[in-house]
Amino acid sequence: MPPVESLREIKLQTPLRVYSQDLQLIGEFGEMRRNPVKFEQLPTQYIQALLAAEDDRFYSHSGVDITGLLRAASQLMTSGEIRTGGSTITMQVARNFFLTRKQTFTRKFNEILLALRIEDELSKDEILTLYANKIYQGNRAYGIEAAAQVYYGKSISELDLAQLAMMAGLPKAPSAYNPIANPNRALIRRNWILKRMLDLGHIDNDTYLAAVNQPVTASYHGYASELDAPYVAEMARQEILDRVGTAAYTDGYRIFTTIDSQLQRTAQKAVQNGLLAYDQRHGYRGAEKSATDEQQWGSLLRETPVFGDLTPAIITELADQSLKILLPSGEHADITWENGLQGLRRFNSPNSRSAPIKQAQELFVRGDLVRVRQQEGAWHLSQLPKAQAALTALNPDNGAIQALVGGFDFRQSHFNRVTQAERQPGSNFKPFIYTTALENGFTPASIINDAPVVFEDDLLEGSWRPENDSGKFYGPTRLRQALYLSRNLISIRILRTLGVEKAIAGLGRFGFDQSRLPHNLSLALGSHAVTPLQIATGYASFANGGFRVEPFLIDRIEDSSGKVLYRAAPLTVCHHCDEKEQTDPAEESRETAVRLDAGETAPDKEGEASPDALQENPRAPRIIDARTAYIVDSILKDVIRKGTGRKALVLKRADIAGKTGTTNGPRDAWFSGYSTHMVTTAWVGFDENLTLGRSEYGGSAALPIWIDFMGTALSGKPEFIRPQPEGIVMARIDPETGLSVGPDHRNAIFEIFRKEDVPPMAEAASNGGSQTPPGEPRPEDLF
């Protein structure tokens, strides 16, 4: 006989649940839906209804009801089988936890013995709680709380008497008395229970009549998340599955992520709106499907899923400047000329569209299945995008992922483009090359010639004639201009001067795998494929002033009782700390002592790290000299002030910086940017690596998504202008030569330098001033 005391320690199979940072449910995984409750949470009327249906002498018998057993024995002797069972709730607990459901005399005898032992060991309330949490209620729901959610979409505490009685009728036969599948039989069972409650004195006649006259209100409420972040939920599921195996689905683990629910919703909307805007620019591709037979319309709409907020609709009638549509709900609606038809063009190719249509009949026929979206109470014509996009946003001080969208809609494609799509970043990669250059003799005022060049390189399979995006060449150009205007040829010349091997050595600190980087000059143009998450992680070092952080999604993992099994200990930037005390991450434990790995059991309470021990995270190491980081940041701010990212000026902030990126074709469009509060990368492209269209760039396709997101992410956040570090000076220079000049120079501009890198003074003959030895700028020219 199994030990009865084990019931107190029983682990009910409970699904894995994933939450946002602010405790909104993101995902639930597991075959059994269960939400265990305590006895105090069981409504009194539910207990009364359950006992009226299953065991009205529960609180007076010792685990076995002799009358019921005699009835079962009589059935066995007369018919050879047991029909009504005669089981008390205690006997059902014994059977559900320890025995099979096979109706034999031996099992029934063991059930009786176990029930008597259970009554000796456990209180009545404990037994009833076990029953309420264990019993199968149909539709994958185990336990009363899960059943309440499945059938009514509410907690058990929110149900009325009629609904509680309906729940109490389920344990006897969850299929036969299922209020969704068999509402009539369920209604008869419910009313019988209500009458039993009346006869037992639990309710009065008025209460009985009010409840028995209520209709069946149950409907299926499947798992519903509070926050739509399926790419995040899948990442969290995979991580804990790698740690603990399939026990993740049954042991009630709760994962608390670093996701901010408001930012996640904003990111999802920004990605979808950005893709729809791109798609609209390139024209209407035609109906998804078509059905001329009206009898097929209903089934076609039911079979077509909603993606994003794009609802399928069938065109039922056409006028010159309007459409009548049938929606999945069976309702009819109108698409007016102003709501998507005016200015609509037919898609010809990524680079070509037709003239605007003059009549709806030019593009549509009756029976076409189209997509519509509701805006401000009206239906607007839309289209399911073929292109895809991704966005991820990190806290630059510790790498916490605060928003992540891996595509237009997870139901359309489970491929997570933030973590799985390796794409060429193009010019988005240039700041990493320029950082190494600034550390090795280059300055923002260094002059590099933007002129045609041909490279003979065996690694590039012959001659290579790189060009700027514009196809033009601009002659001698300062390094600062070259980066904020994204001049390709200058980037190549910088890399050639710097040396490919030295550049690759400098890229490893940003988290890029040096062994996979191309050992040729194409590296300067971002030819190496990376994921958006890798790019965002690298840009975090520009956002935080030069420190390395690593991205992480899971903040902590708890078991079903709330015990912390794992807590992240990310590398964290300490802006007020003495940098000499910054730790080498190789010598730091990346996790706290409390951790959970595959094959390990959770530690006892004594094994948990104390709260004090969890407060101190390892410090992020500095990977860029503070002065170099300050210079790179100032150049990336110029990208927005006067470079390829000028659209971001709409945010009206002086503390944002970033860089566009566009690859050949163009096939990929990027924008990565930041403030001190947030670093975000947005990418747009086709999974099939098709061209986006010759008029598309990082600034036209990806930047609007970034702006849409950051506008909300930075709302209410104070502007923070990074203080100038010690050893940085500002000097007047000649913008044509990059050399220092005096205050009387007519076209002088100011530039910042590391103190030791200030360029020499221009010759007096070049500006009409007094002679000053090269390399010795006057003190009054430094700031």
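Residues numbered from 1 in each chain as written. Predicted model: local features only at pLDDT ≥ 70, side-chain atom pairs only at ≥ 80, totals over all residues. Heavy atoms only, no water.

**Remarks on the pairing of strand E11 (residues 378-382)**
Step number 1: Along E11, four of the five residues are buried, which leaves the element largely enclosed by surrounding structure.
Step number 2: Two strands pair when backbone bridges link them, and strand E10 (residues 368-375) and E11 are joined in this way by five bridges, in the antiparallel orientation. The partner of Arg 371 across the bridge, within E11, is Ser 382.
Step number 3: If you look at the hairpin formed by E10 and E11, you'll find two residues sitting between the two strands, and Glu 376 has a positive phi there, around 50°. (Buried < 20%, exposed > 50% of the residue type's maximum accessible area, 1.4 Å probe, protein only. Helix = DSSP H or I, 4+ residues; strand = E, 2+ residues; numbered from the N terminus. Pairing = 2+ DSSP bridges.)

**Here's the deal with the state of the cysteines**
Step number 1: Across all of its chains, the model carries one disulfide by this definition.
Step number 2: Note that Cys 574 is cross-linked by a disulfide to Cys 577, the S-S spacing being 1.7 Å. On the sign convention where negative means left-handed, the S-S torsion of about 65° between Cys 574 and Cys 577 marks this disulfide as right-handed. Each of the two residues, Cys 574 as well as Cys 577, counts as buried. (Disulfide = S-S within 2.5 Å.)

**Observations concerning the packing of helix H1 (residues 44-54) against helix H7 (residues 161-168)**
Step number 1: Contact pair H1 / H7: the axes reach a minimum separation of 9 Å and the direction vectors enclose 40°. As far as their axial angle goes, H7 and H1 are oblique. The two elements H1 and H7 meet at a crossing, and its hand is right-handed. Of the residues in H7, those in contact with Gln 45, Tyr 46, Ala 49, Leu 50 and Ala 53 of H1 are Leu 161, Leu 164, Ala 165, Met 167 and Ala 168. (Axes fitted to C-alpha atoms, helices over the stretch in contact; angles between N-to-C directions. Parallel < 35°, antiparallel > 145°, perpendicular 65-115°, else oblique. Left-handed = near helix turned anticlockwise from the far one by under 90°. Contact = heavy atoms within 4.5 Å.)

**Remarks on the sheet that holds strand E22 (residues 679-685)**
Step number 1: Spatial strand order, E13-E12-E22-E21-E20: five strands in an open sheet with antiparallel pairing. Each edge of the sheet is formed by a strand with only one pairing partner; in this case those strands are strand E13 (401-405) and strand E20 (657-662). Strand-to-strand twist in this sheet, taken as the mean axis angle between neighbours without regard to direction, amounts to 5°.
Step number 2: Relative to strand E21 (residues 668-674), E20 is paired through six bridges, and the arrangement is antiparallel. Residue Ala 657 lies in a different strand from E21, and its bridge partner there is Tyr 674.
Step number 3: Along the sheet, helix H18 (residues 532-543) contacts strand E12 (388-394), E13, E20, E21 and E22; its crossing angle with E22, the most-contacted strand, is approximately 150°.

**Concerning the nonpolar core**
Step number 1: Counting residues in each nonpolar core, the largest one holds 90 residues, and the members touching the most others are Phe 429, Phe 432, Phe 542 and Leu 636.
Step number 2: Contact partners of Phe 432, with chain neighbours within four places excluded, come to Leu 507, Phe 510, Phe 512, Ile 535, Gly 538, Tyr 539 and Phe 542.
Step number 3: Core analysis: the second largest hydrophobic core is formed by 50 residues, Phe 58, Ile 89, Ala 141 and Met 167 among them. (Core = buried A, V, L, I, M, F, W, Y, C linked by side-chain atoms within 4.5 Å.)

**Some thoughts on the environment of Pro 704**
Step number 1: Following the sequence through the fold, Pro 704 ends up in helix H21 (residues 698-713).
Step number 2: Residue classification places Pro 704 among the partly exposed positions, given a relative accessible area of 31%.
Step number 3: Separated by 434 residues in sequence, Pro 704 and Ala 270 place their C-alpha atoms 8.3 Å apart.

**Notes on the packing of helix H14 (residues 430-438) against helix H20 (residues 626-642)**
Step number 1: Closest axis-to-axis distance for the H14/H20 pair is 10 Å, and the angle between their directions is 135°. If you check the angle between H14 and H20, you find them oblique. H14 and H20 meet at a crossing whose hand is right-handed. Along the contact surface, H14 presents Pro 431, Thr 435 and Leu 438, while H20 presents Thr 628, Ile 631, Val 632, Ile 635 and Leu 636.
Step number 2: Its residues assigned to classes, the contact of H14 with H20 shows six nonpolar, two polar and no charged. (Nonpolar A, V, L, I, M, F, W, Y, C, P; charged D, E, K, R; others polar.)

**Points about the side chain of Ser 675**
Step number 1: Counting through the fold element by element, Ser 675 comes out in the loop between E21 and E22.
Step number 2: Separated by 3.0 Å, the side chain of Ser 675 and the backbone nitrogen of His 677 make a polar contact.
Step number 3: Non-local contacts of Ser 675, meaning those with residues more than four positions away in its chain, are made with Pro 396, Ala 543, Asp 655, Ile 656, Met 710 and Leu 714. (Polar contact = N/O pair within 3.5 Å; in protein donor to acceptor, adjacent residues only side chain to side chain.)

**Looking at H14**
Turn by turn, an α-helix covers 3.6 residues, leaving residues three or four places apart pointing in a common direction.
Step number 1: In terms of burial, H14 is largely enclosed, as nine of its nine residues are buried.
Step number 2: Along H14, the positions that sit buried rather than exposed are Lys 430, Pro 431, Phe 432, Ile 433, Tyr 434, Thr 435, Thr 436, Ala 437 and Leu 438.

**Looking at the pairing of strand E2 (residues 25-29)**
Step number 1: Among the five residues of E2, five are classified as buried, and the element is accordingly described as predominantly covered.
Step number 2: In the sheet, strand E1 (residues 16-19) pairs with E2 via four bridges, with the strands oriented antiparallel. Paired with Leu 16 across the bridge in E2 is Phe 29.
Step number 3: Hairpin connection, E1 to E2: the antiparallel pair is bridged by five residues, and Leu 23 has positive phi, about 70°.

**Notes on the environment of Gly 711**
Step number 1: You can see Gly 711 is positioned in helix H21.
Step number 2: We classify Gly 711 as partly exposed; its relative accessible area is 33%.
Step number 3: Each C-alpha atom of the pair Gly 711 and Lys 652 lies 9.6 Å from the other, and the pair is 59 residues apart in sequence.

**Some words on helix H9 (residues 205-212)**
Step number 1: Of the residues making up H9, those classed as buried are Tyr 208, Ala 211 and Val 212. An end-on view of H9 places all buried positions within 90° of arc, on one side of the element.
Step number 2: Contacts from the buried residues of H9 go to H7 and helix H8 (183-199).
Step number 3: Of the residues that open H9, the one with a side-chain oxygen 3.3 Å from the backbone nitrogen of Asp 206 is Asp 204. (Arc of directions from axis to C-beta.)

**Some remarks on the confidence of the model for the protein**
Step number 1: Of the residues in the protein, 86% have a pLDDT of 70 or more, and the chain-wide mean is 87.
Step number 2: Overall, residues 597-614 carries pLDDT values under 50, and its contacts beyond four positions in sequence, including any with other chains, amount to 18 contacts.
Step number 3: Low pLDDT (under 50) marks residues 764-783, which in the prediction has 43 contacts with non-local residues, meaning those over four places away or in another chain. (pLDDT = per-residue confidence, 0-100.)

**Quick word on the sheet that holds strand E18 (residues 554-558)**
Step number 1: Taken in spatial order, the five strands make up an open sheet running E2-E1-E3-E18-E19, and their pairing is mixed. Looking at strand neighbours, the two that pair on one side only are E2 and strand E19 (564-567), the edges of this open sheet. Averaged over neighbouring strand pairs, the angle between their axes works out to 15° when direction is ignored.
Step number 2: In this fold helix H10 (residues 230-244) packs onto E1, E2, strand E3 (254-257), E18 and E19, with an angle of close to 45° to the strand it touches most, E2.

**Digging into the pattern of salt bridges**
Step number 1: Summed over the entire model, instances satisfying the criterion amount to 32 salt bridges.
Step number 2: One salt bridge connects Arg 196 with Asp 56, and the closest N-O pair in it is separated by 3.2 Å. With Arg 196 in helix H8 and Asp 56 in the loop between H1 and helix H2 (66-79), this residue pair connects regions lying 140 residues apart in the sequence.
Step number 3: With relative accessibility at 23%, the residue Arg 196 sits in the partly exposed group.
Step number 4: Connected through salt bridges with shared partners, the residues Arg 254, Asp 555, Arg 556 and Glu 558 form a single ionic network. (Salt bridge = Lys/Arg side-chain N within 4 Å of Asp/Glu carboxyl O.)

**Comments concerning the packing of aromatic side chains**
Step number 1: On inspection of all chains with the given rule, the structure shows 15 aromatic pairs.
Step number 2: On the basis of an interplanar angle of 45° and a centroid distance of 4.9 Å, the ring pair of Tyr 284 and Phe 364 is categorised as tilted. Residue Tyr 284 is found in the loop between helix H11 (261-281) and strand E4 (289-290), and its partner Phe 364 is found in the loop between strand E9 (352-353) and E10; the two are separated by 80 residues along the sequence. Just as Tyr 284 is buried, Phe 364 falls in that class too. (Phe/Tyr/Trp six-rings, centres within 6.5 Å; stacked < 30°, edge-to-face > 60°.)

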